[in-house]
Amino acid sequence: MKILHINTFNQQGGAETIAYSLFKSNRNNTLLVGKKSKNEPNIIEFKKDFQDKFFTFLTKLKWRFRADDSFKKILFIEEEFNHTYRKLKNLIEYQEADIIHLHNIHGGYFDLSALENIAQEKKIVWTLHDMWCMTGGEAHIFENENYKKGIGKTPYLQVPPLKNPLIDRRQHFLELKKQIYSKIAPSITFVPVSNWLDKCLHESFVWDKSIPSEVIHNGIDNRIFYKNSVKNQDLIPKILLFNSNNIFKGENIFQEVLEKIEHPFELYVVGNPIAISNKKLTQLHHFEPISDRIKLATLYNSIDVLLFPSKADNFPLVPIEAMACGVCVLASDVGGIPEIIKHQQTGFLFKNKSELTILLNNILNNPNLISTIGEAGSKFVSSNLSLENMVCKYQNLYNKILGHNTIL
């Protein structure tokens, strides 16, 4: 069986990690990306044609002084004029593939219309890492429910992958998605990675009842992420946070919450530096973003508590990886996160800054609770969210789609 995985990048965030893990699970697989950042066999990049180079040239002209935005993003045409199907037809990897497995196809390299052409020739699996497939163009739209009503516009025109384009074409793309999905229903299977996203999908305007969907939770490699047997609970708890400019991750609440901690603590920050004046802070450690999975697992095993205050999320890997390493995780009660964390059993959930502040101060005064919750979280992930289990479920799905026997 040959699977061609397609994603925007091969190395970056959660979608990239899952796509890469599935790609590596079988030596016959190929990973095709919009932009390649890792030189590895069987990872290929969409070839740039004259039109791609022309749009790149326009972007470099810093049109209208918006230097950070691509020309296509400004005009809201990133899902058009990429010649995706023509490029695929010329690839031997596409010609020989039994299944085309899509991941994130937003990012200015994949034409929505290509789905119709692909569906005439191949079976398609589309893993949904965010809400983009059911909105006018946003990856998440938070509490807004216009995606259910067939209304493309929301208050979030700046939410990635959008970035305040000059032309708002969200209504057009929402209706186009519905039209395309209806046409390709016999050939596509959606795979939301959380029950929450599956529910959103089935309630959405674009949904077609004839399309099969199957939830497969993300899994992590427990040969890398596991609780170190020598991990000890220190007198001064160590808190970890990932601080970036990601609009979905809620890092803006860190400053206020950390200033209100009443117990001595050490702070580990990955990403953007943070300044804390709280006198209870004993040490501050800063790290640049960590892409090496082994180094990340080592970091998890050296800390006690993870703060994960997402504003919007599907089934994020960070809390799963941390839990696997015995970390007590405090995470937002949003999206699919409650499917990862059972409150007060495998971690803690909070709805706002006040709840987080109270939770954090309570557990920092109870090192035994931190250890107990960390142990329970580690066992839960090991039993339910392993990479091996995830790969097996995808393999069974491939076999079912192709009419082959499934595996246990």
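Presented here is an overview of the structure given in this document. Along each chain, residues carry numbers from 1 onward, in the same order as the chain's sequence is written. Note on the predicted model: pLDDT of at least 70 is required for a residue's local features to be given, and 80 or more for side-chain atom pairs to be given and counted; whole-chain, interface and lining totals, by contrast, use all residues. Only heavy atoms go into the side-chain values, all of them from the structure, while hydrogens and water stay out.

Thoughts on the environment of lysine 199
Put simply, the rule is: Numbering goes from the N terminus for both helices and strands, where a helix is a DSSP run of H or I of at least four residues and a strand is a run of E of at least two. Definition of a polar contact: a pair of N or O atoms within 3.5 Å, with one able to donate and the other able to accept a hydrogen when the atoms are protein atoms, and with sequence-neighbouring residues admitted only if both atoms are side-chain atoms.
Here lysine 199 is to be found in helix H9 (residues 195-203). C-alpha separation for the pair lysine 199 and lysine 148, spaced 51 residues apart in sequence, amounts to 11 Å. Within the structure, lysine 199 has its side chain in polar contact with the side chain of glutamate 203 (distance 2.7 Å).

Regarding unusual backbone geometry
Which entries qualify depends on this criterion: Only protein chains enter the accessibility calculation, which uses a 1.4 Å probe; a residue whose area is less than 20% of its type maximum is buried, one above 50% is exposed, and one in between is partly exposed.
Looking along the chain, the bond that leaves proline 160 and enters proline 161 is cis, with omega of 5°. Structurally, proline 161 is set in the loop between helix H7 (146-149) and helix H8 (170-184). Despite not being glycine, phenylalanine 81 has its phi angle at roughly 60°, a positive value. Assessed through its relative accessible area of 43%, phenylalanine 81 is described here as partly exposed.

Some remarks on the side chain of serine 378
Filter applied, for reference: We call two residues in contact whenever any of their non-hydrogen atoms come within 4.5 Å of each other.
Within the fold, serine 378 resides in helix H14 (residues 367-384). What makes serine 378 buried here is its relative accessible area of 11%. The contacts of serine 378, once residues within four sequence positions are left out, are Lys227, Met323, Ala324 and Gly326.

Re the sheet that holds strand S1 (residues 3-9)
As a reminder of what qualifies: A pair of strands is treated as paired once DSSP finds two or more bridges between them. Lines fitted to the C-alpha atoms define the axes, with helices restricted to the stretch that makes contact. Angles between their N-to-C directions range from 0 to 180 degrees.
As summarised here, the arrangement of the six strands in space is S3-S2-S1-S4-S5-S6, forming an open sheet in which the pairing is parallel. Each having just a single partner strand, strand S3 (43-45) and strand S6 (188-192) make up the two edges of the open sheet. For this sheet, the mean inter-axis angle between neighbouring strands, taken without regard to orientation, is 25°. Strand direction decides the pairing type here: S1 and strand S4 (residues 99-102), joined by four bridges, are parallel. Following the sheet pairing, histidine 5 is matched in S4 by histidine 101.

Structural notes on the environment of tyrosine 156
Summarising the element assignment, tyrosine 156 is placed in the loop between H7 and H8. By relative accessible area, which is 15% here, tyrosine 156 ends up buried. As for tyrosine 156 and threonine 372, which are separated by 216 residues in sequence, their C-alpha atoms are 40 Å apart.

Focus on the state of the cysteines
What counts here: Note that a disulfide, as used here, is simply two cysteine sulfur atoms within 2.5 Å.
For the structure shown, the criterion picks out zero disulfides. Left without a disulfide partner, cysteine 325 is nearest to the cysteine sulfur of cysteine 328, which lies 14 Å away.

Let's talk about the sheet that holds strand S9 (residues 281-287)
To summarise the sheet geometry, strands pair through backbone hydrogen bonds and adopt either a parallel or an antiparallel arrangement. An order of S9-S8-S7-S10-S11-S12 is seen for the six strands of this open sheet, with the pairing classed as parallel. Strands with a single pairing partner mark the edges of an open sheet, and in this sheet they are S9 and strand S12 (348-350). The sheet shows a mean angle of 20° between the axes of neighbouring strands, direction not considered. Bridge analysis of strand S7 (residues 238-243) against strand S10 (residues 305-308) gives two bridges, and the strand direction is parallel. The partner of isoleucine 239 across the bridge, within S10, is valine 305. Contacts from helix H12 (residues 317-324) reach S7, S10 and strand S11 (328-332) within the one sheet, and its direction differs from that of S10 by about 170°. Helix H13 (residues 353-364) contacts S7, S10, S11 and S12 of the sheet and is inclined by roughly 155° relative to S12.

Geometric values such as these leave the question of function open.
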